[in-house]
Amino acid sequence: MTRRVRQAVPLDAAPLGMIQAASWQAAFHGLMPGEYLANLDTEAFQKTWADILAESQWPSSGALVAEETDRVVGYSRFYPTDDADDDPTAVGMIGSIYTLPEVWGTGVGKALMAEVVDNLARAGYAEATLWVLEGNDRAQDFYRGQGWSKDGGMVEDRSDGFLITKVRYRRPLSI
């Protein structure tokens, strides 16, 4: 099997939308309402991804995809932090990192994380942050295993019509 991580391009919007829906349904089961997860709109995700990929400002913002045997199986999106308590010239943010559930535990996520962290460092950021759902123990264990730690940041979000709490993780970057 051939595995590689590469810069995402506009043609990746369709698989990214499908991966987003499939990974959310698996990863957030029990953390978000089942009806919400069952009714995720893959086409809307794909349109959003098309816009995101068209607006990338490589290397400071963009997305990476993980491929296995010429099939996209994961992605990560990154950009300057949008947190009010951080400096966007010094802190990059991983806005999302997801893989298809069928490749969990195979090293795809680790490869994707290593590449996005390296890219953030090459883009000149000194630190990186990411937000994770409180209670998503699997993801938090993964992040800690990749050198991330909680920094005390926490937000409550009701933008989808229900309460979720997110905690922030941070790590230093080096070239």
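I would appreciate a short explanation of the nonpolar core in the present structure.
Nonpolar side chains in soluble globular proteins tend to be buried together. Membership of the largest hydrophobic core comes to 47 residues, with the highest contact counts inside it found for Trp49, Ile94, Met113, Tyr143 and Trp148. Other than its neighbours up to four places away in sequence, Ile94 contacts Ser76, Arg77, Phe78, Met113, Val116, Leu120, Thr129, Leu130 and Trp148.

Looking at this model, I keep getting lost on the packing of aromatic side chains. Mind explaining?
By convention here, two paired aromatic rings are described through the distance between centres and the angle between planes. Under the defined criterion, the tally for this structure stands at ten aromatic pairs. Ring centres of Phe28 and Tyr98 lie 6.2 Å apart, and the angle between their planes is 85 degrees; on these two criteria the pair is classed as edge-to-face. One end of the pair, Phe28, is in the loop between helix H1 (13–27) and helix H2 (34–38); the other, Tyr98, is in strand E4 (residues 91–99), with 70 residues separating them in the sequence. One exposure class covers both Phe28 and Tyr98, and it is buried. Linked through ring pairs, Trp24, Phe28, Phe45, Trp49, Tyr75 and Tyr98 together constitute an aromatic cluster.

How should the packing of H1 against helix H3 (residues 42–54) be read in this particular structure?
How two helices sit against one another is set out by the angle between their axes and by the gap between those axes. Put simply, H1 and H3 touch, their axes get as near as 7 Å, and they point 130 degrees apart. When the axis of H1 is compared with that of H3, the two are oblique. In the crossing of H1 with H3, the sense of the turn from one axis to the other is right-handed. In this structure, H1 uses Ala13, Ala14, Leu16, Gly17, Met18, Gln20, Ala21 and Trp24 to contact H3, whose residues at the interface are Thr42, Phe45, Gln46, Trp49, Ala50 and Leu53. The residue makeup of the contact of H1 with H3, split by class, is ten nonpolar, four polar and no charged.

Help me out: how do you make sense of the pattern of salt bridges in this one?
Working definition: two side chains of opposite charge can pair if their charged atoms are close together. Scanning the entire structure with this criterion turns up 15 salt bridges. The partner of Glu67 in a salt bridge is Arg4, with the nearest N and O atoms 2.6 Å apart. Of this pair, Glu67 sits in strand E2 (residues 62–68) while Arg4 sits in strand E1 (residues 3–7), and the two are 63 residues apart along the sequence. A residue is classified by how much of its surface remains accessible, and Glu67, at 7% relative accessible area, is buried. Take Arg4: its relative accessible area is 45%, and that puts it in the partly exposed class. Salt bridges here are not isolated pairs; linked through shared partners, they connect Asp83, Asp85, Asp86, Glu127, Asp151, Arg168 and Arg170.

I would appreciate a short explanation of helix H4 (residues 108–122) in the present structure.
For an α-helix, the turn length of 3.6 residues means that residues three or four places apart are oriented alike. Between its first and last C-alpha atoms H4 spans 21 Å; for 15 residues at 1.5 Å apiece the expected length is 21 Å, and the two agree. Two residues or fewer past H4, Gly124 is found with a positive phi of approximately 100 degrees.

I keep staring at the pairing of strand E6 (residues 149–157) and nothing clicks. Help me out?
Along a regular strand, successive side chains alternate from one face of the sheet to the other. In this structure, E6 lies alongside strand E7 (residues 164–172), joined through six bridges in antiparallel fashion. Bridging from a neighbouring strand, Asp157 pairs with Ile164 of E7. The hairpin formed by E6 and E7 contains six residues between the paired strands, and Gly161 there has a positive phi angle of roughly 95 degrees.

Cut-offs used in this document
Residues numbered from 1 in each chain as written. Predicted model: local features only at pLDDT ≥ 70, side-chain atom pairs only at ≥ 80, totals over all residues. Heavy atoms only, no water. Core = buried A, V, L, I, M, F, W, Y, C linked by side-chain atoms within 4.5 Å. Buried < 20%, exposed > 50% of the residue type's maximum accessible area, 1.4 Å probe, protein only. Contact = heavy atoms within 4.5 Å. Phe/Tyr/Trp six-rings, centres within 6.5 Å; stacked < 30°, edge-to-face > 60°. Helix = DSSP H or I, 4+ residues; strand = E, 2+ residues; numbered from the N terminus. Axes fitted to C-alpha atoms, helices over the stretch in contact; angles between N-to-C directions. Parallel < 35°, antiparallel > 145°, perpendicular 65-115°, else oblique. Left-handed = near helix turned anticlockwise from the far one by under 90°. Nonpolar A, V, L, I, M, F, W, Y, C, P; charged D, E, K, R; others polar. Salt bridge = Lys/Arg side-chain N within 4 Å of Asp/Glu carboxyl O. Expected span 1.5 Å × (residues − 1). Pairing = 2+ DSSP bridges.

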